[in-house]
Amino acid sequence: MKIAVIGVGYVGLSTATIFAELGNDVIAADIDKEKIENLNKGIMPIFEPGLKELVERNLKEKRLRFTHDNKEVIKHGDVIFICVGTPPKENWETELKYLEDAAIEIAHNMESYKVIVHKSTVPVETSEKIKDIITKNSKNTEFDVVSNPEFLREGTAIKDTMNPDRIVIGADSNKAIDIMKKLYSPIKAPMIVTDIRSAELIKHASNAFLATKISFINAIANVCELSGADVEKVAEGMGYDKRIGRSFLNAGIGYGGFCFPKDVQAFIKIAEKYGYDLKLLKATNEINEQQKKNFTNKIKDNLKELNDKKIGILGLSFKPNTDDMRFAPSSYIIEEMQKQGAKINAYDPEAMEKSKQMFDDINYCKDPYEVAKDADALLILTEWNEFKELDLKKIKDSMKSPLIIDGRNIYDPKEMEKLGFEYVSVGR
Ligand code: NAD
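Residues numbered from 1 in each chain as written. Predicted model: local features only at pLDDT ≥ 70, side-chain atom pairs only at ≥ 80, totals over all residues. Heavy atoms only, no water.

Caption draft 1: Focus on the site of the ligand. The ligand sits among 24 residues. The nearest are Asp30, Lys35, Thr86, Glu154 and Lys262. The separation between an oxygen atom of the ligand and a polar side-chain atom of Asp30 is 2.6 Å. Contact with the protein chains hides 91% of the accessible area of the ligand, taken as 830 Å² for the molecule alone. A breakdown of the residues in the shell around the ligand according to their chemical character gives 10 nonpolar, 7 polar and 7 charged. (Near = heavy atom within 4 Å. Polar contact = N/O pair within 3.5 Å; in protein donor to acceptor, adjacent residues only side chain to side chain. Areas by Shrake-Rupley, 256 points an atom, 1.4 Å probe, with all protein chains shown as cover. Nonpolar A, V, L, I, M, F, W, Y, C, P; charged D, E, K, R; others polar.)

Caption draft 2: Region of the structure containing the sheet that holds strand S9 (residues 310-314). With respect to topology, 6 strands assemble into an open sheet ordered S11-S10-S9-S12-S13-S14, the strand pairing being parallel. In the strand order of this sheet, the two ends are held by strand S11 (363-364) and strand S14 (422-424), each with one partner. Bridging between strand S12 (residues 377-380) and strand S13 (residues 403-406) involves 3 bridges; their strand directions are parallel. When the sheet's bridge partners are listed, Leu379 is paired in S13 with Ile405. (Pairing = 2+ DSSP bridges. Helix = DSSP H or I, 4+ residues; strand = E, 2+ residues; numbered from the N terminus.)

Caption draft 3: Inspection of the domain arrangement of the chain at higher detail. When the domains of the chain are assigned, the result is domain 1 (2-194) and domain 2 (285-424). A C-alpha centroid distance of 37 Å is found between domain 1 and domain 2. Each partner contributes to the interface: domain 1 provides 11 residues, whereas domain 2 provides 11 residues. Around 760 Å² of area is buried between domain 1 and domain 2 when both sides are counted, 50% of it from carbon and sulfur atoms. (Domains from an automatic or database assignment. Contact = heavy atoms within 4.5 Å. Buried area = accessible area lost by both parts, 1.4 Å probe.)

Caption draft 4: Broad picture of helix H6 (residues 126-137). Counted at 1.5 Å a residue, the expected span for H6 with its 12 residues is 16 Å, and the 17 Å between its end C-alpha atoms agrees. Looking only at H6, the buried set comprises Thr126, Ser127, Ile130, Ile133 and Ile134. Viewed along the axis of H6, the buried residues span an arc of 120 degrees, placing them on a single side of the element. The elements touched by buried residues of H6 are helix H5 (97-109), strand S5 (114-118), strand S6 (143-147) and helix H9 (196-227). (Expected span 1.5 Å × (residues − 1). Buried < 20%, exposed > 50% of the residue type's maximum accessible area, 1.4 Å probe, protein only. Arc of directions from axis to C-beta.)

Caption draft 5: Focus on helix H8 (residues 174-184). All of the buried residues in H8 are Ala176, Ile177, Met180, Leu183 and Tyr184. Buried residues of H8, viewed axially, fall in a sector of 125 degrees; they line one side. Seen from the open side of H8, the exposed residues pointing more than 90 degrees away from its buried face are Asn174 and Lys182. For H8, the side-chain oxygen to backbone nitrogen distance between the N-cap and Lys175 is 3.3 Å, and the N-cap itself is Ser173.

Caption draft 6: A look at the side chain of Asn70. Looking at the element boundaries, Asn70 is found in helix H4 (residues 70-76). Residue class for Asn70 comes out buried when judged on its relative accessible area of 7%. If near-sequence neighbours (up to four positions away) are discounted, Asn70 is found in contact with Ile6, Ala29, Asp30, Ile31 and Glu105.

Caption draft 7: A look at the nonpolar core. One finds Ile299, Ile311, Ile313, Leu316, Leu379 and Tyr411 to be the most contacted residues of the largest nonpolar core, which totals 46 residues. Apart from the residues within four sequence positions on either side, Ile311 is in contact with Ile299, Leu303, Leu306, Met337, Ala342, Lys343, Ile344, Asn345, Ala377 and Leu379. In this structure, Val5, Val8, Ile18 and Phe66 belong to the second largest nonpolar core, which totals 37 residues. (Core = buried A, V, L, I, M, F, W, Y, C linked by side-chain atoms within 4.5 Å.)

Caption draft 8: Layout of the pattern of salt bridges. All chains considered together, the criterion is met by 30 salt bridges. A salt bridge links Lys233 to Glu236, with the nearest nitrogen and oxygen atoms 3.4 Å apart. Here Lys233 and its partner Glu236 are both found in helix H10 (residues 231-239), 3 residues apart, which amounts to about one turn of the helix. Glu236 sits in the partly exposed class, given a relative accessible area of 32%. Between Glu336 and Lys339 there is a salt bridge, and its shortest N-O distance comes to 2.8 Å. Of this pair, Glu336 and Lys339 both sit in helix H13 (residues 329-339), 3 residues apart, which is roughly one turn of the helix. Owing to a relative accessible area of 13%, Glu336 belongs among the buried residues under this scheme. Owing to a relative accessible area of 64%, Lys339 belongs among the exposed residues under this scheme. Taken together, the salt bridges that share partners define one network made up of Glu125, Glu128 and Arg197. (Salt bridge = Lys/Arg side-chain N within 4 Å of Asp/Glu carboxyl O.)

So, in structure tokens, the structure goes:
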């Protein structure tokens, strides 16, 4: 099939690459010219395991092309995927202007029947808005709008796009549903075909549930700290219950990234518009904010005075296997430490370039050992696998005082005690 993708971020780039890999003829466009020039040279705008190899292969086989000309892709695609960002406005409502701009451009440039699929996370009823915009701005060309929310996780975007848990298709036209079924037929996953509003809500409800699961275990972690229990054991004991499951029960410094924080807040606003107070999600958000504060309080309690203290940070991205720093808990913690005069040394396997755009007053180090050198405290903010394999004796010997405050519970407290560390973690 001839596929067009508008917006080449995490979602658009993964979508374009996988549909090309499945044998379709894909052109993807982005308004960011530098991004497109780099992609055509094989330079990826994001770090995602397996992405570069797949992009290079499909560019070479000429199933995939990148352009900054939206008109060209709109003319090319029988199916047009809109994958532009839906960032939060200042009041946390969803900013839809990128989506609306794309819809207007599609309307102005489509010359034959198109299936217009939006993958961006949007408030319920957005598809209807897109339909109206296109109808008002086009010359009576036939089209259908489909909601096909994306569930990929950063860090496993390629794997998730190739092997999703489910595919959700929200549409009111059989012609569009048939085309979507054919396009997705090589991907083996349950397909839910539903009305458009339900499809839009499935995405917000899913992210809200996952974020709530994280806040739930963080709330339990706080009770564990007060009562002397161990949240890791509690999560393990809960997780064997098939109705609960172990995933997303990792206590820590809270969720971040460009999905959960904005989607939880947006969902509260959406419900408000319909006259419903989503108190549950307000609590999810509050616990998440408090969790970051609890962590900085632990640093302050242990160091007493932060002015001129040398603090080492391992991990900047909001989770492992990504270089994404958007709404990363690390940025809140760094700002708090800096406000009180601490000097920060940091290392992250992938996120340092993105972090430099946000913090140019951090000393970025070549490895964890350089971070630890002469540090008054070492903070673990992202659970990258390589931090689990460190030579901890070497770390201890190079630190000024052997204090590790672990926001991701990656070490065993007994082992750390044996090694002579003062070790503080979450919920145990
Ligand atoms: P992103 O910010 O990484 O990428 C969006 C891209 O769209 C940018 O490169 C931007 O330049 C481009 N763009 C904006 N307006 C454009 C236009 N008119 N024409 C062409 N390009 C345009 O965003 P993302 O992380 O890929 O997320 C996209 C959407 O998918 C959001 O709604 C997000 O909530 C949702 N989503 C994201 C993830 C994720 O893990 N990142 C997962 C599921 C769903």
